[in-house]
Amino acid sequence: MKDRPFGTSGIPGWLNRYEPLLLVMFAALSGGILLFIYLTGEVLEGSTKGFDEAILLALRQPGNLAMPIGPGWLTHAVKDITSLGGTTVLALMTALVTIYLLLDRQRSIAIFILASVLGGWALSTALKIGVARARPDIVPHLVEVQDLSFPSGHAMVSAVTYLTLAALISGTRTYRSTRVFIVAAGILLTLMIGASRVYLGVHYPTDVLGGWCAGATWALACWLIARRYISPGPRGKRSAADDDLSFK
């Protein structure tokens, strides 16, 4: 049996191929966790109050805080955008993607996506209860809200859902351009939904920042796990060259 050079197979080979990227991703994951912990501490201490209120007031007409800045159609558009982060839309999106992947013979990824999204939603609820920050009352709310404020559920759950779906679905696609588009679409939707919550006056900016941070960190953790342990189904098998590009 011909000997293979050290580092071309097994664990050494895997480390040689993936260690630099994994180190960067683990650093980003750790940084996201630390940033969320720091932001939560600042919110609990009340250090962000001036920053939060200044931005909320800047988004309203000086003489009438019930009126947001911008043309009338913008408020309607923002309400439509914020609905994309609602539980009904996200649940429907997750269910459709899961079914699609099951039909595409990507059973392991479908199950992992469903578990990842549900786990992220549960984490969002737990964090809200743990911090127990009240909704902003400095400006009138433009949509009805009832639950707690930090982190923003729309910002975090949309990040958990769209970023997790984008990261894991992109790993099943062959072409880099397709993967880039899917991830970019997930990021764009997440940013738009989070910003809409501040414009509507139902969240402080730091609520949204906290939601983005926690949601993106969760999605990154799911991506790392999937990249290491989840294999594509029969229809997702590709050549070795294509496999090197998957989940990148």
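Quick caveat, the model's predicted, so the values are computed rather than measured.

(A) Spatial organisation of the overall build of the chain. When you go through the chain residue by residue, the secondary structure sums to 9 helices and 2 strands. Ordered by position from the N terminus, the helices and strands of the chain form the series α-α-β-β-α-α-α-α-α-α-α. When contacts within the chain are restricted to residue pairs at least 6 apart in sequence, long-range pairs at least 24 apart make up 76% of them. Of the roughly 13,200 Å² of accessible surface on the chain, a fraction of 68% belongs to carbon and sulfur atoms.

(B) Spotlight on unusual backbone geometry. For the bond running from F150 to P151, omega is -10°, close enough to zero to count as cis. With respect to the helices and strands, the residue P151 is situated in the loop between α5 (107-131) and α6 (153-170). Phi at R105 takes a positive value of approximately 65°, unusual for a residue other than glycine. Checked against the element boundaries, R105 lands in the loop between α4 (87-103) and α5. Phi at A132 takes a positive value of approximately 55°, unusual for a residue other than glycine. With relative accessibility at 46%, the residue A132 sits in the partly exposed group.

(C) Looking closely at the UniProt feature "transmembrane region" (unreviewed entry) in the chain. In the numbering used here, UniProt assigns the feature "transmembrane region" (unreviewed entry) to residues 21-39, 81-103, 110-131, 151-169, 181-202 and 208-226. Secondary structure content for residues 81-103 is 87% helix and 0% strand, while the C-alpha to C-alpha distance between its ends is 29 Å. Measuring from the first to the last C-alpha atom of residues 181-202 gives 30 Å, for a span that is 86% helix and 0% strand.

(D) Geometry of the pairing of strand β2 (residues 64-68). Pairing of strand β1 (residues 60-61) with β2, which is carried by 2 bridges, proceeds in the antiparallel orientation. Bridge pairing in β2 places Q61 opposite N64. The antiparallel hairpin formed by β1 and β2 contains 2 residues in its connecting segment.

(E) Examining α5 more closely. With 25 residues, α5 extends 36 Å between its outermost C-alpha atoms, agreeing within 8% with the 36 Å of an ideal straight helix rising 1.5 Å per residue. Along α5, the residues that are buried comprise I109, A110, F112, I113, S116, V117, G120, W121, S124, L127, K128 and V131. Following α5 by one or two positions, A132 has its phi on the positive side, about 55°.

(F) Region of interest: the pattern of salt bridges. One pass over the full model with this rule turns up 2 salt bridges. Ionic pairing is found between D52 and R133, a salt bridge with its closest N-O pair at 2.9 Å. A residue pair is termed long-range when its members are at least 10 positions apart, and D52 in helix α2 (residues 49-58) and R133 in the loop between α5 and α6 qualify at 81 residues. Residue classification places D52 among the buried residues on the basis of a relative accessible area of 0%. Exposure remark for R133: the relative accessible area of 14% places this residue in the buried category. With a closest N to O distance of 2.7 Å, R133 and D207 form a salt bridge. With R133 in the loop between α5 and α6 and D207 in helix α8 (residues 205-229), this residue pair connects regions lying 74 residues apart in the sequence.

(G) Spotlight on the side chain of T94. Among the secondary structure elements, T94 is positioned in helix α4. Overall, T94 belongs to the buried group, its relative accessible area being 3%.

(H) Main features of the packing of helix α7 (residues 176-199) against α8. Contact pair α7 / α8: the axes reach a minimum separation of 8 Å and the direction vectors enclose 155°. Accordingly, the angle class assigned to the pair α7 and α8 is roughly antiparallel. The handedness of the crossing between α7 and α8 comes out as right-handed. On the side of α7, the interface is formed by T190, L191, G194, A195, R197 and V198, while α8 contributes P205, V208 and W212. When the residues that make up the contact of α7 with α8 are grouped by side-chain class, the tally is 6 nonpolar, 2 polar and 1 charged.

(I) Summary view of the side chain of T206. Counting through the fold element by element, T206 comes out in helix α8. A distance of 3.0 Å separates a polar atom in the side chain of T206 from a polar atom in the side chain of R133. In this structure T206 touches L39, V43, T48, F51, D52, R133 and F150, once residues within four positions along its chain are discounted.

Quick notes on the rules
- Residues numbered from 1 in each chain as written.
- Predicted model: local features only at pLDDT ≥ 70, side-chain atom pairs only at ≥ 80, totals over all residues.
- Heavy atoms only, no water.
- Helix = DSSP H or I, 4+ residues; strand = E, 2+ residues; numbered from the N terminus.
- Contact = heavy atoms within 4.5 Å.
- Areas by Shrake-Rupley, 256 points an atom, 1.4 Å probe, with all protein chains shown as cover.
- Buried < 20%, exposed > 50% of the residue type's maximum accessible area, 1.4 Å probe, protein only.
- UniProt positions renumbered as here; feature names shortened; annotations may be inferred.
- Pairing = 2+ DSSP bridges.
- Expected span 1.5 Å × (residues − 1).
- Salt bridge = Lys/Arg side-chain N within 4 Å of Asp/Glu carboxyl O.
- Axes fitted to C-alpha atoms, helices over the stretch in contact; angles between N-to-C directions.
- Parallel < 35°, antiparallel > 145°, perpendicular 65-115°, else oblique.
- Left-handed = near helix turned anticlockwise from the far one by under 90°.
- Nonpolar A, V, L, I, M, F, W, Y, C, P; charged D, E, K, R; others polar.
- Polar contact = N/O pair within 3.5 Å; in protein donor to acceptor, adjacent residues only side chain to side chain.

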